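Chain residues, written in single-letter form:
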Amino acid sequence: MRVACPVDSMDQIKKNAEEAEFITLFDIEEDEILSEEKIQVSSSAIVSLILAKDVDTFICSNLDIPMMVSLSKNNIEIIGGAQGKVKSVVNSWINGTLECNDIVCSGQESGGCSGDCSHCKSI
């Protein structure tokens, strides 16, 4: 299984997926991380990269509706509302202990979406 996460330069899950500086890919087998790869990406290429890398699951904090639709149409599972260091988030997901609130943002607040704006809703 391949998992992708949008991250910043400090390996923190990026608050708004579409603004990610990097995508970190994890290959997972039998509840173990086999490999990890961090790829620099522009916001316009995030979905294309995820599709090209055969990602099964996308773990993020928030993402906009167009990105959610693009990923969903390609049968990519979306786990929203994640926060923290990417490797810790992925390990928590593997162990079934990841706490998240499944936020999708359909609008933009000034300065970016905080996940609690009037435009946000659960997946």
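Just above sits the structure.
Residues numbered from 1 in each chain as written. Predicted model: local features only at pLDDT ≥ 70, side-chain atom pairs only at ≥ 80, totals over all residues. Heavy atoms only, no water.

**Student:** Got a minute to help me understand the sheet that holds strand 2 (residues 22-29) in this structure?
**Tutor:** Strands belonging to one sheet form pairs held by backbone hydrogen bonds; the direction of such a pair is parallel or antiparallel. Spatially, five strands are ordered 3-2-1-4-5 in an open sheet, and the strand pairing comes out mixed. The open sheet has two edge strands, strand 3 (32-40) and strand 5 (77-79), and neither has a second partner. Across this sheet, the average inter-strand angle for adjacent strands is 20 degrees, counted without regard to direction. For strand 2 and strand 3, the ladder comprises eight bridges, and the chain directions are antiparallel. (Pairing = 2+ DSSP bridges. Helix = DSSP H or I, 4+ residues; strand = E, 2+ residues; numbered from the N terminus. Axes fitted to C-alpha atoms, helices over the stretch in contact; angles between N-to-C directions.)

**Student:** Please explain the packing of aromatic side chains as it appears in this structure.
**Tutor:** Aromatic rings in a pair are described by how distant their centres are and how their planes are angled relative to each other. For the coordinates displayed, the defined rule picks out zero aromatic pairs. In this structure, K38 is placed above the aromatic ring of F22, and the distance from its NZ or CZ to the ring centre is 4.5 Å. (Phe/Tyr/Trp six-rings, centres within 6.5 Å; stacked < 30°, edge-to-face > 60°. Lys NZ or Arg CZ within 6 Å of the ring centre and 35° of its normal.)

**Student:** Looking at this structure, how should I read the pattern of salt bridges?
**Tutor:** Side chains that carry opposite charge are capable of pairing whenever their charged atoms lie near each other. Scanning the entire structure with this criterion turns up four salt bridges. With its nearest N and O atoms 2.8 Å apart, the salt bridge here joins R2 to D27. One end of the pair, R2, is in strand 1 (residues 2-7); the other, D27, is in strand 2, and 25 residues separate them in sequence. Of the charged contacts, one joins E21 and K14 as a salt bridge, the two residues approaching to 3.7 Å between their closest N and O atoms. (Salt bridge = Lys/Arg side-chain N within 4 Å of Asp/Glu carboxyl O.)

**Student:** What should I look at first to understand the nonpolar core in this one?
**Tutor:** For soluble globular proteins, the rule of thumb is that nonpolar side chains tend to be buried together. In this structure, I23, I50, F58, L63, M67 and L71 are the most contacted members of the largest nonpolar core, which totals 20 residues. Elements supplying a minimum of two residues to this core: strand 2, helix 1 (46-52) and helix 2 (65-73). For this core, the element with the most residues is helix 1, which contributes four residues. Setting aside its immediate chain neighbours within four residues, I23 contacts A4, C5, P6, E37, K38, I39, V41, I46, L49 and F58. Formed by 17 residues, the second largest nonpolar core is a distinct cluster that contains V3, I33, A82 and W93. (Core = buried A, V, L, I, M, F, W, Y, C linked by side-chain atoms within 4.5 Å. Buried < 20%, exposed > 50% of the residue type's maximum accessible area, 1.4 Å probe, protein only. Contact = heavy atoms within 4.5 Å.)

**Student:** Explain helix 3 (residues 86-95) here, please?
**Tutor:** An α-helical segment advances 3.6 residues per turn. Residues three or four places apart therefore align on the same side. What helix 3 keeps buried is the set V86, V89, V90, W93 and I94. Considered in projection along helix 3, the buried side chains sweep an arc of 135 degrees and stay on one side of the axis. Where helix 3 is buried, its residues touch strand 1, strand 2, strand 3, strand 4 (57-59) and strand 5. (Arc of directions from axis to C-beta.)

**Student:** Even after reading the chapter, I still don't get helix 2, so can you show me in this structure?
**Tutor:** Every buried residue of helix 2 is listed here: M67, M68 and L71. Viewed end-on, helix 2 has its buried residues packed into an arc of 100 degrees, placing them on one side of the element. Across from the buried face of helix 2, at angles greater than 90 degrees, the exposed residues are P66 and K73. Between the side-chain oxygen of the N-cap and the backbone nitrogen of M67 there are 3.0 Å, and the N-cap of helix 2 in question is D64. N75, located one to two residues past helix 2, shows a positive phi value of around 60 degrees. (Polar contact = N/O pair within 3.5 Å; in protein donor to acceptor, adjacent residues only side chain to side chain.)

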